[in-house]
Every structure is written in C-alpha cells, then in structure tokens.
Amino acid sequence: KVQESLSLDQRHKFWETQPVGQFKDIGNSALPEGPIEPSTPLSEVKQEPYNLPNLYEWVTCDIHDEQMCDEIYTLLANNYVEDDENMFRFNYSKEFLRWALQPPGYFTSWHIGVRVKTSKKMVAFITGVPARIRVRDEVVSMAEINFLCVHKKLRTKRLAPVMIKEVTRRVHLENIWQAAYTAGVILPTPVSTCQYWHRSLNPKKLIDVGFSRLGARMTMSRTIKLYKLPESTVTPGFRKMEIHDVPAVTRLIRNYLSHFIVAPDFDENDVEHWLLPRENVVDSYLVESPETHEVTDFCSFYTLPSSILGNPNYSNLKAAYSFYNVSTATPLLQLMNDALIVAKQKDFDVFNALDVMQNETFLKELKFGPGDGKLHYYLYNYRVRQALKSSELGLVLL
Ligand code: NHW
C-alpha cells in the first residue's frame, strides 16, 4: 500500500506524454470510455524509425531464423524479468518464443531488436502481436506488447521509451491504434491489478531453492503430505485436446469469455494456435462427456521455467501457468485439481495462477498460496471508466 501511493506521486516523464489513463484523471467520471486519441491517416504516421543513440541500430527479428532466435533467447535468459529478491529469472524457451510471437496474422515488423552497430550484439528487444480484445461491447484490434527487455548494462538510459515509441509506430503502420500489456511495475494507469498464486507440486525443491518456506508448525514430511496429489486424474472423459476439438473448444471458450469485461475475441484459428497442445509450451485438456460426447469443460496451462540464480543444487524451476479454463459440467475445483494432477505427472515444480476470471473460487481450496508480486494490466490509447476487479478480466498474457 505504501509503495503504491508513493508511486502515484511520482512523475513519469515518458508516460505523461502518452495516450494512456493518467493518474490525475483517476476517478474523473466525466471522461468517456474508449480511445483516448483518434487514429490518424496512415500517411501521417512517421515513416522512418525513431533515432537510437549512435552506437546502436534497429533490427527486425525473423524468429524463424535459428541464429536470431538464439540471440533473442540469450538476451532474455540473461536480462529479462527477475523477482524482487533476484533469486529467479524467467527462462522462456525458444519454442515458447516462436509460439508467443507467431499467432495468426502476426507481423514480423513488430519483433524488434536493438544491436550494437560494431559487434552486432543484441542488447534490447520488444515485441507486439495482433489480437482482437473485447472491452465491454467493443471488439478492438490491438497489439499485445511483451518481452520488453534492455540489457542489464544499458539500464536507466531511457532506451525503453524509444523502444516503446518504435513499436507503437510500427503498430500504427498496420492501422492498429490500441494495445494491451501487463507489467509488475505500476505505470499510468492500471485497468486492473491481479495477484499471482502458487500451488506447490514439489514442495521440497521449492523450499530448498527459497521459492517457498516451511509453514509455521510444519515439518518437511507434513508439507510433502499436504501437497500430495492422486496419481491419475479423476474426471471421466478427461483427455488431451486434439485438433478435431478446435470447433467445440472455440464455442466453449467464446461463451465463457463473454462473461468478462476485458477478454480476447478468439476465433477457431486463434484457439488452434493458442490452445492446441504443443510439447513443453502449452498443455490443454478437456472433458468429453462419456455419454453425449459433448465437450463440456476445458483447462490449459503454459510452460514457463525460471532460472534459479546462485543455487548450488538446482538451476531451473519448472513452472506451469494457468491459461484459460472453462467449466460447465465438471465443478471448476475438480477440473483444476485434475490440471494439477497432470502438471505433477509432467514433473512441474509449481502451478501458478492469477486471480483473474473465476480463479478465486478454487485457489484457496486447492492449496494455492498468495505470491508477493502483483501483476498490473494496461491498455494503451483506451480509457476504461474505473479500474476493474481482477475477476472481471478474461485475459491472460504470456
Ligand atoms: S513487463 C516486463 C518488462 N521487462 C522487464 O522487466 C525486464 C527487465 N527490465 C528491463 O529490461 C512485460 C528494463 O528495466 C526495462 C526498462 C526495459 C523494463 N513497461 O530505459 P529506461 C512487457 O514487456 C518505463 C512500460 O531508462 P530501463 C510489457 C519507466 O516507467 N514502461 O528504463 C511492456 C520510465 O518511464 P517514465 C516501463 O529500466 C509494455 C522509462 O521506462 C516498464 O533501462 C511496454 C524508463 O526507461 C515496463 N515494464 O528499461 C509498453 N519498465 O515515464 C507498451 C519501465 O516512468 C505500450 N518503464 O519516466 C504500448 C505500445 C504499443 C502501442 C500500439 C498502439
């Protein structure tokens, strides 16, 4: 709380110049919901890239190129998001990055790197991918912005604002004027603030690496027993999603997401891309009724390991992140317990979930514990009248 009110007083030299909700406007109900500034004719969009400091150059990243993918992977593996105590750092895999960056209709021009001119070393990165996001009744074409990263040695030199302006320019060139993004830091102005919850699957390792601590009055063996899960799933008809399920899953998800204020507008192509299982990237399961063969329930999670920094015994934390889940016939609690069981079978150490959608209804009961980090959701050039509850969000970004 203290930190939040402090940061509301801070000046944001860059963000104050951008069409985003400003802190001074919080609570001003006279401002209309929707675009903050109108789109302009494409001919008025700046045609040349923004200037970088002289030593650096822009590079458009072809993620199909194995060497390019390696360079991006390495930049992120060494310089991307860490927890507050610098014990863990996200370690997105190359397969994951290819998946995240190539949804239907993606633009290579939105995958932007910065190199040192002389050595060609990759030192910064930012990406966008196209998405249709519904805000209340309006489906808006947006860019989802992610993987903003500046090499540790080049921090606090105001490179990030140039990266953001350049991706904005390239998004505008595709006649798209809004964006969605999430961050752990507070910027002007969150549309919603969520919390991560963590469900231990391998409590001994999580405690050994400092991810979690032994609870009060708990021993290691009692803790292991507490988090023990059945060997196999319990719901009849629970199985992996397959390609022929795409139409049924699309119907199920579209109907479910219609209940939230901000949610993606998925069509069958999106569902095939985002939800069809990909080894070590995304897992999806559904319940096919043994009687009617109807698909009644769906759950999914993505694979995002973290590097464990400076631990002598372990170097990688295998984490599953809850993605989209829909229950109509199987109680959500039971469905998610089955998701935990398959994640355990696949040797994940922890299952993470945000308190978005209806997740609050199962988190405590399934022994998730609250994390210390918050995740803030943002929209660029789109005002919402007042901040949303996390349960009103139907959107999960990677
Ligand atoms: S959030 C993950 C962001 N990445 C990391 O945390 C990795 C580790 N950190 C870094 O690499 C998911 C650097 O610290 C970064 C900042 C690069 C974060 N979002 O260059 P300066 C995403 O990728 C503002 C937005 O000196 P730096 C989402 C900061 O408030 N702004 O800082 C990305 C300040 O502005 P202010 C952020 O530490 C969404 C300015 O940057 C930010 O060397 C991007 C300082 O720049 C963040 N996470 O580099 C926005 N972190 O006004 C997309 C700091 O306060 C917007 N800043 O003075 C939409 C664009 C498309 C629109 C289309 C129409």
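Note that the structure is predicted; figures quoted are calculated from it, not measured.

In this section: the pattern of salt bridges. A pair can form between side chains of opposite charge whenever their charged atoms are brought close. In the structure shown here, the tally under the stated rule is 23 salt bridges. Arg132 is the salt-bridge partner of Asp265, the closest N and O atoms lying 3.2 Å from each other. You can see Asp265 sitting in the loop between strand 9 (262-264) and helix 8 (268-275) and its partner Arg132 sitting in strand 4 (residues 122-135), a full 133 residues away along the chain. Here Asp265 falls in the buried class, since its relative accessible area comes to 18%. On the accessibility criterion, Arg132 (30% relative accessible area) is partly exposed.

Grouped together as the largest cluster of nonpolar side chains are 78 residues, with contacts concentrated most on Tyr302, Phe323 and Tyr324. Counting contributing residues, this core receives three or more from each of domain 1 (2-189) and domain 2 (193-380). Counting residues in hydrophobic clusters, the runner-up holds 32 residues, among them Leu159, Val171, Ile176 and Ala183.

For the structure shown, the criterion picks out 27 aromatic pairs. Taken together, a centroid distance of 5.6 Å and an interplanar angle of 65° make the contact between Phe301 and Phe351 edge-to-face. With Phe301 in strand 11 (residues 295-303) and Phe351 in strand 16 (residues 350-354), the pair connects residues that are 50 residues apart, well separated along the chain. Exposure class is identical for Phe301 and Phe351. Each is buried. The ring of Tyr50 has Lys46 sitting right over it, with the charged end atom 4.9 Å from the ring centre. In this structure, Lys318 is placed above the aromatic ring of Phe348, and the distance from its NZ or CZ to the ring centre is 4.4 Å.

Attention now goes to the domain arrangement of the chain. Assigned domains within the chain: domain 1 (2-189) and domain 2 (193-380). Of note, the centres of domain 1 and domain 2, computed from C-alpha atoms alone, are 26 Å apart. Taken together, the two surfaces of domain 1 and domain 2 that pack against each other cover about 3600 Å², and 59% of this comes from carbon and sulfur. Together, Phe88, Trp99 and Arg134 form the three largest contributors to the area buried by domain 1 at its contact with domain 2, with a combined 22%.

This brings us to the site of the ligand. Around the ligand sit 33 residues, and of these His12, Trp15, Leu148, Thr156 and Ala160 come closest. Contact between the ligand and His12: an oxygen atom at 2.5 Å from a side-chain N or O atom of the residue. Taking Thr156, its main chain carries an N or O atom lying 2.7 Å from an oxygen atom of the ligand. For the ligand, whose accessible area on its own is 1200 Å², the fraction buried by protein is 87%. Broken down by element, the residue count for the shell around the ligand peaks at 8 residues, all from helix 4 (residues 159-172). Among the residues forming the shell around the ligand, the class breakdown is 21 nonpolar, 8 polar and 4 charged.

At the junction of Pro188 and Thr189, the peptide bond is cis and its omega measures out at -25° in the coordinates. The topology assignment puts Thr189 in the loop between strand 6 (178-183) and strand 7 (192-200). The phi angle at His293 is positive, at roughly 60°, despite the residue not being glycine. Mapping His293 onto the fold places it in the loop between strand 10 (282-288) and strand 11. Positive phi is not limited to glycine here, since Asn381 has a value of about 55°. Mapped onto the fold, Asn381 is located in the segment after strand 17 (369-380). Relative accessible area serves as the criterion here: at 2%, Asn381 is assigned to the buried category.

Here we come to the sheet that holds strand 13 (residues 316-317). Pairing is antiparallel in the open sheet, where 3 strands are placed in the order 2-12-13. At either margin of the open sheet sits one strand with a lone partner, and together these are strand 2 (88-90) and strand 13. In the sheet, strand 12 (residues 306-308) pairs with strand 13 via 2 bridges, with the strands oriented antiparallel. By the bridge assignment for strand 13, Ser307 is matched with Asn316.

Another aspect to go through is helix 7 (residues 246-257). Between the first and last C-alpha of helix 7 there are 16 Å, a value that for 12 residues agrees with the 16 Å anticipated at 1.5 Å per step. Those residues of helix 7 not exposed but buried are Val246, Val249, Thr250, Leu252, Ile253, Tyr256 and Leu257. Along helix 7, the residues classed as buried sweep out an arc of 165° about the axis, all on the same side. Those residues of helix 7 that are buried are in contact with strand 4, strand 9, helix 8, strand 10, strand 11 and strand 15 (326-327).

Take the environment of Trp274 next. Within the fold, Trp274 resides in helix 8. Residue Trp274 is classed as buried on the basis of its relative accessible area, which comes to 9%. With 49 residues separating them in the primary sequence, Trp274 and Phe323 have C-alpha atoms 9.6 Å apart. Ignoring anything within four residues of it in the chain, the contact list for Trp274 reads Trp99, Ala100, Pro103, Phe266, Val282, Phe323 and Leu398.

The rules we used
- Residues numbered from 1 in each chain as written.
- Predicted model: local features only at pLDDT ≥ 70, side-chain atom pairs only at ≥ 80, totals over all residues.
- Heavy atoms only, no water.
- Salt bridge = Lys/Arg side-chain N within 4 Å of Asp/Glu carboxyl O.
- Helix = DSSP H or I, 4+ residues; strand = E, 2+ residues; numbered from the N terminus.
- Buried < 20%, exposed > 50% of the residue type's maximum accessible area, 1.4 Å probe, protein only.
- Core = buried A, V, L, I, M, F, W, Y, C linked by side-chain atoms within 4.5 Å.
- Domains from an automatic or database assignment.
- Phe/Tyr/Trp six-rings, centres within 6.5 Å; stacked < 30°, edge-to-face > 60°.
- Lys NZ or Arg CZ within 6 Å of the ring centre and 35° of its normal.
- Buried area = accessible area lost by both parts, 1.4 Å probe.
- Near = heavy atom within 4 Å.
- Polar contact = N/O pair within 3.5 Å; in protein donor to acceptor, adjacent residues only side chain to side chain.
- Areas by Shrake-Rupley, 256 points an atom, 1.4 Å probe, with all protein chains shown as cover.
- Nonpolar A, V, L, I, M, F, W, Y, C, P; charged D, E, K, R; others polar.
- Pairing = 2+ DSSP bridges.
- Expected span 1.5 Å × (residues − 1).
- Arc of directions from axis to C-beta.
- Contact = heavy atoms within 4.5 Å.

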